Amino acid sequence: MSSVRDRRHTPGMERIPPPAEELVLIDQELVRLDARRAQLLARRAWLVSVLHQAVAPQPPFPTWSPRPAAAGPAGMAAAVGAPGADREVSGPSAQNVLLALGAVLLAVAAFAFTVVSWGSMGIGGRAAVLGAVTAAALAAPVVLLRRGLRSTAESVAALGMALTVLDAYALYAVALPDTDGTAYAAGSAGVLAALWAGYGSALRGLRLPLPAAVLTAQLPLPLAAVAAGAPPLGVAWALLGTAVLDAVATLRAPGRPARVLAGACGVAVGGWALFAGLVFSASAAAPASAVAPGALLLAGAALALGAAFRATPRPTGAGAADAAAKAGTSDAAAGALGVPGVLGVPAGNGAGAGRVQGAAALAVVAGLAAVAALGGVVRAALPEGWAAVAYLLCAVPLLGLGGLVRSTAPVSVLPTPVRRGLAGAGAGVAALAGVSALPALLVALLSPAEVLGGVWEGRAPSATGADWTAPTAAAVVLLAVAGLAARLFRVSGRSEAAAAAVALGWAGLFLLPLVAALPHPAVLAWHVLLTVAATGLALRAPEARAALAAAGCALAGALSVSLLALVGRPGTFAVLGALAVLFTAAAFDARGRQWAVRTSAGLAVGWAVALALAAARALEPAPLYRSLLVLAVSAVVALVAARPVARAPRPARVPFEAAGAGAAALAVCLVLTDLPALALVLGLCGVLAAGTAVRPDRRRVGYAAGVLFVLAAWVRLAASGVTVPEAYTLPVTVPALVVGLLRRRRDPGASSWTAYGPGLAAMLVPSLVAAWSDPHWLRPLLLGLGALAVTLAGARRRLGAPLLLGGGVLVLDGLHELAPYVVQVVDALPRWLPPALAGALLLAVGATYEKRLRDARRLREALTRMR
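Residues numbered from 1 in each chain as written. Predicted model: local features only at pLDDT ≥ 70, side-chain atom pairs only at ≥ 80, totals over all residues. Heavy atoms only, no water.

(A) Broad picture of the overall build of the protein. When helices and strands are tallied, the protein shows 35 helices and 0 strands. The buried share of the protein, taken over its 867 residues, is 36%. Taking the contacts inside the protein whose residues are at least 6 apart along the sequence as the reference set, 67% of them involve residues at least 24 apart. Here the protein has roughly 46,700 Å² of accessible surface; of this, 69% comes from carbon and sulfur atoms. (Helix = DSSP H or I, 4+ residues; strand = E, 2+ residues; numbered from the N terminus. Buried < 20%, exposed > 50% of the residue type's maximum accessible area, 1.4 Å probe, protein only. Contact = heavy atoms within 4.5 Å. Areas by Shrake-Rupley, 256 points an atom, 1.4 Å probe, with all protein chains shown as cover.)

So, in structure tokens, the structure goes:
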């Protein structure tokens, strides 16, 4: 810019550039300045990285010259391009591979020396060689780190650590061969873990020693327990002690990799210890036998709870105390059963959210371990089959800590993630307890199916067919969990909790007659009352999911009690009648949910049909009368659906009619083997369909009525032994032609194929097929006369369907009559005459080909003009 201004304003300059050229010069100067600035920024970034990583070696940065880079984007890219961009492997990666291979080869050589060449040296030589090599390998990283050779130091340190393992093995093989191998391995692992931990703490620049020490520290206590001959529970205690050491290392170990690895090892080892304690506690036969595993579980719970407290992030800021004070019951309750915010709401992004989730997960483990410990002792003291009750009782305090079973706020001493984790553990145990009671409920629901093998024989089913579950315990568990779910719904307002409360409460109440050993009539009455209550909830419950759960309970209960009522006749009629009335009343509920009203309409028809079949079985009539009783239900449904719109249940109308049609179909199926009865039932079904078609909104049902009437006529003819096809086709043909005629009068533009084609085909084609196999002359004659009349009518009215169908049938009928004579003539002719006639015909057609085409076009146009 300065040079440009100088050339424009210096008196001795001969030429001043015009504005356009000066603008070009300014742009070029700006490009040079941008390229130089980018180069300087790249250099500055490299210098800053060198200052921040003074210990680690850095690849050399390309030198730069003070001269400006070339103008344009290419020059700028060249100025800031990365060195070695065309290499497939970077320098540090290749260096690490070489160092790792070198360390592995040295370790293999040392092992081979120790195993193979060890015996050729004396005690002093062996000790001197191993000690010198190990000391040199462990000391070399100190010098290498000072010189910035970190990768090399890592490789040499790994070799030194491998040599310490060989030293331990050599010491055992030479000096302590009679020592117990497991005990020596435990001691060696402890010494090596301590040695590597101190070595890694002294040389913070090395990343390998501390994680290796953490992994090695997992072995001493379990190996020592095995060496001491400890029982399996003692080994589990050793594993738990190792988890405690891992927890300490997670908090105190220097370096993030070592802490993360210690945490993972602690979770794994502690999990195995808790699993072993759970197995021993669950298999204890007496309370005293469950105390020791319970102590192990409680110790594990204390460890997990302490870790949860330690992992919870501390709130900061002026509003932390207020936020903790305002942490209410609904928040904890919502997090307990999988609603948004489960196991804690993240305190922030990144590490804070992860710590909150980890604290909540540890609290869940602590809660489950505590429940398993206490529940195992209580379970052993209770009768067999009451294990779920024992664990559920021990889980209730955890729900109280989360604020799910009381109206006051939860314990404020516990952090929110810990409260939610404990509440989640309690809720999980409650859910598992409820699931454990389902087999008893299924037995109670499905056992009435046994009555189908002997209807009305007076044998009640055995609802306690499974000896591995107790109905009393199952009922207690279901009712208790239902109460907890209801409390959770009051606290959190979650519809899932309401649905669970309804379903579990109904299931527990369903089992009460089995617990009380009530007589059969009382059981029927109780189950009917439960069905009534569930139906009412399905219609009027404020929560949609609770209503859906109630509907499922009502249907299951209705099916079960209906089967159970088949033990005797009075119970059958009482139960089926009561359920039919119940569902009918529900279908007429104007304020109920529409889907529940529709479902009730279909169920009402179904139970009415079942009542009709029960009445038929009691009267023992013929199949026709059973079918008529079922058809009477369909007739009543049709009458109910045909009521005025202002009085009829609009949501239930279509389900009523659909269920009525199903009942009519069942009535037809009941008489399939009796043709006269089938014809009567089909005719009555046609009457019902015709009556329904009278309604303006059901005109299309008239087609079904016509089909049913035709089917009834055909079945009646078949039952009477009629085999003449015209008897079957004429009842269809005459109405079809009448309908076609009426349509043509209303719509003169309608095609004759649409109006008359189906009726004419139904009349002529079956008769033509029968005429070809009829040896007599009457049917072909009458068919020919009829086809001629149809053809003439089509020609006179210029209608394509009658003309072509009648003409085609007339030609085929004539060929059928002339066929014997044609065969006789063909047999009398010489053999050479048919080929000669065919050739002459082809010549004639070829000679008059164009004329034939014109005739064919005229014929096609004439047929097209016909309607």
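(B) Representation of a nonpolar patch on the surface in the model. Together, Trp777, Leu778, Leu781, Leu782 and Leu785 give the surface a local cluster of nonpolar side chains, amounting to about 550 Å² of exposed area. Among the secondary structure elements, Leu785 is positioned in helix α32 (residues 778-797). (Patch = residues over 30% accessible without salt bridge, like charges linked within 9 Å, V, L, I, M, F, W, Y side chains within 5 Å. Salt bridge = Lys/Arg side-chain N within 4 Å of Asp/Glu carboxyl O.)

(C) Main features of the environment of Ala565. Relative to the helices and strands, Ala565 is located in the loop between α22 (544-564) and α23 (569-587). The exposure class of Ala565 is buried, given its relative accessible area of 1%. Ala565 sits 11 residues away from Leu576 along the chain, and the two C-alpha atoms are 8.2 Å apart. Once residues lying within four places of it in the same chain are set aside, the contact partners of Ala565 are Leu524, Gly571, Thr572 and Val575.

(D) Seen up close, the pattern of salt bridges. Going through the model one piece at a time under the given rule, you end up with 5 salt bridges. Among the salt bridges present, the one from Arg32 reaches Glu29, with a minimum N-O distance of 3.6 Å. On the criterion of helical spacing, the pair formed by Arg32 and Glu29 is a turn pair, its members being 3 residues apart in helix α2 (residues 19-52). Here the residues in one salt-bridge network are Arg494, Glu496 and Arg545, joined through shared partners.

(E) Region of interest: the environment of Val528. Tracing the sequence through the fold places Val528 in helix α21 (residues 520-540). Sequence separation between Val528 and Ser562 is 34 residues; the distance between their C-alpha atoms is 9.2 Å.

(F) Highlighting the side chain of Thr531. Mapping Thr531 onto the fold places it in helix α21. On the accessibility criterion, Thr531 (0% relative accessible area) is buried. Thr531 has contacts with Ala554, Gly557, Ala558, Leu579 and Leu582, leaving out every residue within four places of it along the chain.

(G) A look at the packing of aromatic side chains. This structure, assessed with the given rule, holds 6 aromatic pairs. When the ring of Trp456 is compared with that of Phe573, the centres are 6.2 Å apart and the planes differ by 40 degrees; the resulting orientation is tilted. Of the two residues, Trp456 is situated in the loop between α18 (438-446) and α19 (471-492) and Phe573 in helix α23; the sequence distance between them amounts to 117 residues. Phe573 gets classed as partly exposed once you look at its relative accessible area, which sits at 30%. Sitting over the ring of Trp456, Arg617 keeps its end group 5.6 Å from the ring centre. (Phe/Tyr/Trp six-rings, centres within 6.5 Å; stacked < 30°, edge-to-face > 60°. Lys NZ or Arg CZ within 6 Å of the ring centre and 35° of its normal.)

(H) The packing of helix α27 (residues 675-693) against helix α28 (residues 701-719), seen in detail. In the contact formed by α27 and α28, the axes pass within 8 Å of each other and the chain directions differ by 165 degrees. When the interaxial angle is binned, α27 and α28 end up roughly antiparallel. Crossing geometry of α27 relative to α28 is assigned as left-handed. Of the residues contributing to the contact of α27 with α28, the split by class is 18 nonpolar, 4 polar and 1 charged. (Axes fitted to C-alpha atoms, helices over the stretch in contact; angles between N-to-C directions. Parallel < 35°, antiparallel > 145°, perpendicular 65-115°, else oblique. Left-handed = near helix turned anticlockwise from the far one by under 90°. Nonpolar A, V, L, I, M, F, W, Y, C, P; charged D, E, K, R; others polar.)

(I) Seen up close, helix α20 (residues 495-516). Spanning 22 residues, α20 covers 32 Å between terminal C-alpha atoms, matching the ideal 32 Å at 1.5 Å per step. Of the residues flanking the end of α20, it is Ala517, one or two places downstream, whose phi is positive at about 55 degrees. (Expected span 1.5 Å × (residues − 1).)

(J) Spatial organisation of the environment of Thr416. Position of Thr416 relative to the elements: it lies in helix α17 (residues 416-436). A relative accessible area of 23% means that Thr416 is categorised as partly exposed.

(K) Representation of the nonpolar core. Grouped together as the largest cluster of nonpolar side chains are 32 residues, with contacts concentrated most on Phe656, Val681, Leu682 and Cys685. The set of elements that each furnish at least two residues to this core consists of α23, α24 (594-619), α25 (623-641), α26 (650-669), α27 and α28. With 7 residues, α27 is the single largest residue contributor to this core. In contact with Leu682, other than residues within four places in its own chain, are Val668, Leu708, Leu711, Ala712 and Val715. Grouped together as the second largest cluster of nonpolar side chains are 29 residues, Ala388, Ala473, Leu484 and Leu511 included. (Core = buried A, V, L, I, M, F, W, Y, C linked by side-chain atoms within 4.5 Å.)

(L) Broad picture of the packing of α21 against α22. Where α21 contacts α22, the axes come no closer than 8 Å and their chain directions differ by 155 degrees. Accordingly, the angle class assigned to the pair α21 and α22 is roughly antiparallel. Once α21 is placed against α22, the crossing between them reads as left-handed. Of the residues in α22, those in contact with His520, Val523, Leu524, His527, Val528, Thr531, Ala534, Thr535, Leu537 and Ala538 of α21 are Ala547, Ala550, Ala551, Cys553, Ala554, Gly557, Ala558, Val561 and Leu564. Tallied by class, residues from the contact of α21 with α22 come to 14 nonpolar, 5 polar and no charged.

(M) Representation of the confidence of the model for the protein in the model. Mean pLDDT over the protein works out to 78, with 76% of the residues at or above the 70 mark. By mean pLDDT, the top-scoring element of the protein is α22 (93), and the lowest-scoring one is helix α3 (residues 73-80) (39). Here residues 1-14 is a poorly scored stretch, pLDDT under 50, and it has 12 contacts once near neighbours within four places are set aside; other chains count. Here residues 464-469 is a poorly scored stretch, pLDDT under 50, and it has 6 contacts once near neighbours within four places are set aside; other chains count. (pLDDT = per-residue confidence, 0-100.)

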